[in-house]
Amino acid sequence: MSKVALVTGGTRGIGLAISMQLKEDGFQVVAIYHGNEEAAEKFRADTKCHAYKADVSNYEDCKAVFEKIKEEVGAIEILVNNAGITRDSTLHKMKPENWHAVIETNLTSCFYTSHIVINGMRERGFGRIINISSINGQKGQFGQTNYSAAKAGMIGFTKALALEGAAKGITVNAVCPGYIETDMTSAINKEVLDSIIRQIPITRMGKPEEIAAAVSFLASDKAAFITGATLSINGGQYMA
Ligand code: NDP
């Protein structure tokens, strides 16, 4: 039986590439999405994988949907915390609701989803948790105190949970993408994006598939000795 891999935000952007790579590598993939029904429908049709709707910033919602997945598909052995949002502005203009939305969707969600699956992983003596952080959590970014704090928080969360899971066969790792071509970055003003690309030694943005390949490796049995790691995939833009 192939292992069940759940990818939050798995029907679009980087998450979609991760879902497709995991499927290609033999996992039974389940994607979580939030509101984009069109992308979810296309995902189901193209991949023949399951897609369930849930808000990762809501614990009760996650719990109910994950329970359904366990009954309908199987126990979750690989968890990829990929869902994320930005609500950019400088701190002095930032609305408290935009602080909370970003912290809850990017960071608190990792606690919720991991909390729901961790006991099953401990009982089975196997688990893979991969958290999609960001270059901006490593280096900070103007206009992103909320996002940088959430993504940096994911790295600390990863290291602490890696220590807790290590003796139980559970690895926990963080992947920090640099600038990747998705809907999220297409929202960035062209001048700003051009100035960012000038800072990337490889002289281009990354592709979602370039993140997906690393995630699928971390999910594999071959990566059993990698835990608590932070993997930067950013074209050389920031060498942490
Ligand atoms: P997109 O904006 O393209 O996609 C975001 C995905 O997250 C969508 O599938 C969306 O669901 C889902 N999502 C958002 N909010 C929730 C929620 N509350 N509950 C469940 N699902 C939710 O993002 P990217 O693919 O660009 O980014 C993916 C991850 O990678 C994010 O965590 C991002 O921070 C990180 N990252 C991205 C970089 C980039 O350059 N693109 C760089 C560094 C990190 P729906 O489709 O239903 O809206």
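The preceding data block contains the structure.
Source: prediction; values computed, not measured.

## Concerning the overall build of the protein
Part 1 of the reasoning: Within the protein, the secondary structure is distributed over 9 helices and 7 strands.
Part 2 of the reasoning: In terms of its C-alpha atoms, the protein occupies a principal-axis envelope of roughly 50 × 40 × 35 Å.
Part 3 of the reasoning: Expressed as a percentage of its 240 residues, the buried residues of the protein come to 48%.
Part 4 of the reasoning: In the protein, of all internal contacts separated by at least 6 residues, the share reaching a separation of at least 24 is 71%.
Part 5 of the reasoning: A total accessible area of about 11600 Å² is found for the protein, and carbon and sulfur atoms account for 55% of it.
Part 6 of the reasoning: Looking at the protein, you have 25 positive and 25 negative side-chain charges, and the mean spots of the two groups are 4 Å apart.

## Overview of helix H4 (residues 96-124)
For an α-helix, 3.6 residues make a turn, and residues three or four places apart therefore share a direction.
Part 1 of the reasoning: Given a rise of 1.5 Å per residue, 29 residues ought to cover 42 Å, and the 41 Å separating the end C-alpha atoms of H4 matches this to within 8%.
Part 2 of the reasoning: Once H4 finishes, Gly125 follows within two positions and takes phi at roughly 70°, a positive value.

## Digging into the site of the ligand
Part 1 of the reasoning: Taken together, 29 residues lie around the ligand, and Gly35, Asn82, Tyr147, Ile180 and Thr182 are the ones closest in.
Part 2 of the reasoning: Within the backbone of Asn36, an N or O atom sits 2.8 Å from an oxygen atom of the ligand.
Part 3 of the reasoning: Between Asp55 and the ligand, the recorded distance is 2.9 Å, taken from a side-chain N or O atom to a nitrogen atom.
Part 4 of the reasoning: Here the ligand loses 94% of its free accessible area of 900 Å² to cover by the protein chains.
Part 5 of the reasoning: Among the elements of the structure, helix H1 (13-24), helix H6 (145-165) and helix H7 (183-186) are those that each provide at least two residues to the shell around the ligand.

## As for the layout of surface pockets
Part 1 of the reasoning: In this structure, the second largest pocket occupies an estimated 320 Å³ of space.
Part 2 of the reasoning: Contributing elements (two or more residues each) for the lining of the second largest pocket: helix H3 (59-72) and H4.
Part 3 of the reasoning: If one sorts the elements of the lining of the second largest pocket by residue count, H4 sits on top with 8 residues.
Part 4 of the reasoning: In the lining of the second largest pocket, the residues fall into 7 nonpolar, 3 polar and 5 charged.

## Quick notes on the packing of H1 against helix H9 (residues 208-219)
Part 1 of the reasoning: Here H1 crosses H9 at 50°, and the two axes come no closer than 8 Å. In terms of axis orientation, H1 runs oblique to H9. Seen along the crossing, H1 lies across H9 with a hand that is right-handed. In contact with Gly13, Ile14, Ala17, Ile18, Gln21 and Leu22 of H1, H9 contributes Pro208, Glu209, Ile211, Ala212, Ala213, Val215, Ser216 and Ala219.
Part 2 of the reasoning: Each residue belonging to the contact of H1 with H9 can be placed in one class, and the counts come to 10 nonpolar, 3 polar and 1 charged.

## Focus on unusual backbone geometry
Across residues other than glycine, the phi torsion is negative in most instances, and most of the peptide bonds are trans.
Part 1 of the reasoning: Unusually for a residue other than glycine, Lys48 sits at a positive phi of about 60°.
Part 2 of the reasoning: Looking at where Lys48 falls in the secondary structure, it is placed in the loop between helix H2 (37-47) and strand E3 (50-53).

## Quick look at the nonpolar core
Part 1 of the reasoning: In terms of nonpolar packing, the biggest core is built from 26 residues, with Ile18, Leu22, Val80, Ile130 and Val215 touching the most fellow members.
Part 2 of the reasoning: Within the residue set of this core, elements represented by two or more residues are strand E1 (4-8), H1, strand E2 (28-33), H2, strand E4 (76-81), strand E5 (127-132) and H9.
Part 3 of the reasoning: With 5 residues, H9 is the largest single contributor of residues to this core.
Part 4 of the reasoning: When sequence neighbours within four positions are dropped, the list of residues in contact with Leu22 reads Ala5, Val7, Phe27, Val29, Val80, Ser216 and Ala219.

## Notes on the packing of aromatic side chains
Part 1 of the reasoning: In this structure the tally under the stated criterion is 2 aromatic pairs.
Part 2 of the reasoning: The interplanar angle of 55° and the centroid separation of 5.2 Å between the aromatic rings of Tyr59 and Tyr112 together place this pair among those described as tilted. Remark: Tyr112 occurs in helix H4 and Tyr59 occurs in helix H3; sequence separation between them is 53 residues. Neither Tyr59 nor Tyr112 differs from the other in exposure class; each is buried.
Part 3 of the reasoning: Relative to Tyr112, the ring of Phe111 has its centre 5.9 Å away and its plane inclined at 55°; by these criteria the two rings are tilted.
Part 4 of the reasoning: The structure contains a cluster of three or more aromatic residues connected by ring pairs, namely Tyr59, Phe111 and Tyr112.
Part 5 of the reasoning: Seen from the ring of Phe126, Lys3 lies directly overhead, with NZ or CZ sitting 4.8 Å from the centre.

What counts and how
- Residues numbered from 1 in each chain as written.
- Predicted model: local features only at pLDDT ≥ 70, side-chain atom pairs only at ≥ 80, totals over all residues.
- Heavy atoms only, no water.
- Helix = DSSP H or I, 4+ residues; strand = E, 2+ residues; numbered from the N terminus.
- Buried < 20%, exposed > 50% of the residue type's maximum accessible area, 1.4 Å probe, protein only.
- Contact = heavy atoms within 4.5 Å.
- Areas by Shrake-Rupley, 256 points an atom, 1.4 Å probe, with all protein chains shown as cover.
- Lys, Arg positive; Asp, Glu negative; His and termini not counted.
- Charge placed at Lys NZ, Arg CZ, Asp CG, Glu CD.
- Expected span 1.5 Å × (residues − 1).
- Near = heavy atom within 4 Å.
- Polar contact = N/O pair within 3.5 Å; in protein donor to acceptor, adjacent residues only side chain to side chain.
- 1 Å grid on protein atoms, 1.4 Å probe; cavity = no way out; pocket = protein on both sides within 12 Å on 5 of 7 lines; lining within 4 Å.
- Points joined across faces, edges and corners; volume = space filled by probe spheres on them.
- Nonpolar A, V, L, I, M, F, W, Y, C, P; charged D, E, K, R; others polar.
- Axes fitted to C-alpha atoms, helices over the stretch in contact; angles between N-to-C directions.
- Parallel < 35°, antiparallel > 145°, perpendicular 65-115°, else oblique.
- Left-handed = near helix turned anticlockwise from the far one by under 90°.
- Core = buried A, V, L, I, M, F, W, Y, C linked by side-chain atoms within 4.5 Å.
- Phe/Tyr/Trp six-rings, centres within 6.5 Å; stacked < 30°, edge-to-face > 60°.
- Lys NZ or Arg CZ within 6 Å of the ring centre and 35° of its normal.

Read these as spatial facts, not as claims about activity.
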